[in-house]
Amino acid sequence: MNPIQYLTKLRELLISRKYRKRIFLCLLLSVLLIFIIPLIFFERTLRASADSNSAKLRDMIILSNDYKMLKEKISVIESKSSNPQAGGITNLVNDITVSLGIKEKMKSIKGVSSRQLKGNISEETAEIFLEKVTMNELINLFHKIETMPVVISVKKTSIKKSFEKPDLLDVIISLALFNIQQETKP
């Protein structure tokens, strides 16, 4: 059957009232199928894309929170002075103990040393020995060290109960003070 005969036969069927409703329903159904099937696949791909994007959004929110936390820490460190007053770490430790009222409990400052780190940063370290301090005084000491306007770090801490009074502590703290030297231009 050639296309012209096929079209004429289809036209005759459409003209006759007997098959008109069936043909119309078949045409309507075929048109709907032509549009619905691609839409179903399109909806599935959009749903998969939306799930993927929501997972990426969750990851980005977590990264954003981590970034904000690190940015706050960096701003706190950057706000601290990089060049402390003269006297270095020994003067700084004396100022801390005097301000907390535990100067008489500091028995020694040992191992004051300085070394050059990467670039123009130098590190000055010392080990202080405190005898018969209370837990509250120790907490205040660590808080004072943390809130100092200079970049100072606690490298190591050793805490032992005092032999005479078990509620008092003997503490050895290793501190590091970081200095940034200004670069000289030729």
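Here, the structure is the one placed above.
Remember, predicted model here, so these are calculated numbers, not experimental data.

Asks: Let's hear about helix α4 (residues 135-146): which residues, and what values?
Replies: Spanning 12 residues, α4 covers 17 Å between terminal C-alpha atoms, matching the ideal 16 Å at 1.5 Å per step. For α4, the set of buried residues is Leu 138, Leu 141 and Ile 145. Within α4, the buried residues cover an arc of 60° as seen down the axis, which keeps them to one side. Relative to its buried face, α4 has exposed residues pointing more than 90 degrees away, namely Asn 136 and Glu 146. Buried positions along α4 lie against α3 (88-100), β2 (121-133), β3 (152-161) and β4 (169-180).

Asks: Give a detailed account of the environment of Lys 107, specifying residues and quantitative values.
Replies: Within the secondary structure layout, Lys 107 lies in strand β1 (residues 106-116). Residues Lys 107 and Phe 129, spaced 22 residues apart in sequence, show a C-alpha to C-alpha distance of 5.6 Å. Not counting chain neighbours up to four residues away, the residues in contact with Lys 107 comprise Phe 129 and Glu 131.

Asks: Break down the packing of α3 against α4 for me, with residues and values.
Replies: Relative orientation of the contacting elements α3 and α4 amounts to 130°, with a least axis distance of 10 Å. Between α3 and α4, the crossing angle belongs to the class labelled oblique. For α3 against α4, the interelement crossing comes out right-handed. Contacts from Ile 96, Ser 99 and Leu 100 of α3 reach α4 at Asn 140, Leu 141, Lys 144 and Ile 145. Taken together, the residues of the contact of α3 with α4 break down into four nonpolar, two polar and one charged.

Asks: For the nonpolar core, give the residues involved together with the corresponding values.
Replies: By size, the foremost hydrophobic cluster in this structure holds 21 residues, and its most contacted members are Leu 130, Leu 141, Ile 152, Ile 173 and Leu 175. Mapped onto this core, the elements with two or more residues apiece are α3, β2, α4 and β4. With five residues, the single largest contributor to this core is β4. With residues near it in sequence (within four places) discarded, Ile 152 still touches Leu 92, Ile 145, Leu 175, Ala 176 and Leu 177.

What counts and what doesn't
- Sequence positions are assigned chain by chain, starting from 1 and proceeding in written order.
- Reporting in this predicted model follows two pLDDT cut-offs: at least 70 for local features of residues, and 80 or more for side-chain atom pairs to be given and counted; totals over whole chains, interfaces and linings ignore these cut-offs and use all residues.
- The side-chain values count all of the structure's non-hydrogen atoms but skip hydrogen atoms and water molecules.
- Numbering goes from the N terminus for both helices and strands, where a helix is a DSSP run of H or I of at least four residues and a strand is a run of E of at least two.
- In this analysis, the expected span of each helix is defined as 1.5 Å times one less than the number of residues it contains.
- Buried means the residue's accessible area, taken with a 1.4 Å probe over protein chains only, is under 20% of the maximum for its type, while exposed means over 50%, and partly exposed covers the values in between.
- Throughout, the arc means the angular range of directions from the helix axis out to the C-beta atoms.
- Throughout, a contact is declared for two residues whenever any of their heavy atoms are within 4.5 Å.
- Axis geometry follows a simple rule: fit a line to the C-alpha atoms, using only the stretch in contact for helices, then measure angles between N-to-C directions, giving values from 0 to 180 degrees.
- In these notes the angle categories are as follows: under 35 degrees is roughly parallel, over 145 is roughly antiparallel, 65 to 115 is roughly perpendicular, and the rest is oblique.
- For any pair of crossing helices, the crossing counts as left-handed if the nearer helix is rotated counterclockwise from the farther one by less than a right angle, and right-handed if it is rotated clockwise.
- Polar here means any residue other than Ala, Val, Leu, Ile, Met, Phe, Trp, Tyr, Cys and Pro, which are nonpolar, and Asp, Glu, Lys and Arg, which are charged; Gly is therefore polar.
- In these notes, a set of buried Ala, Val, Leu, Ile, Met, Phe, Trp, Tyr and Cys residues joined through side-chain atoms within 4.5 Å is what counts as a nonpolar core.

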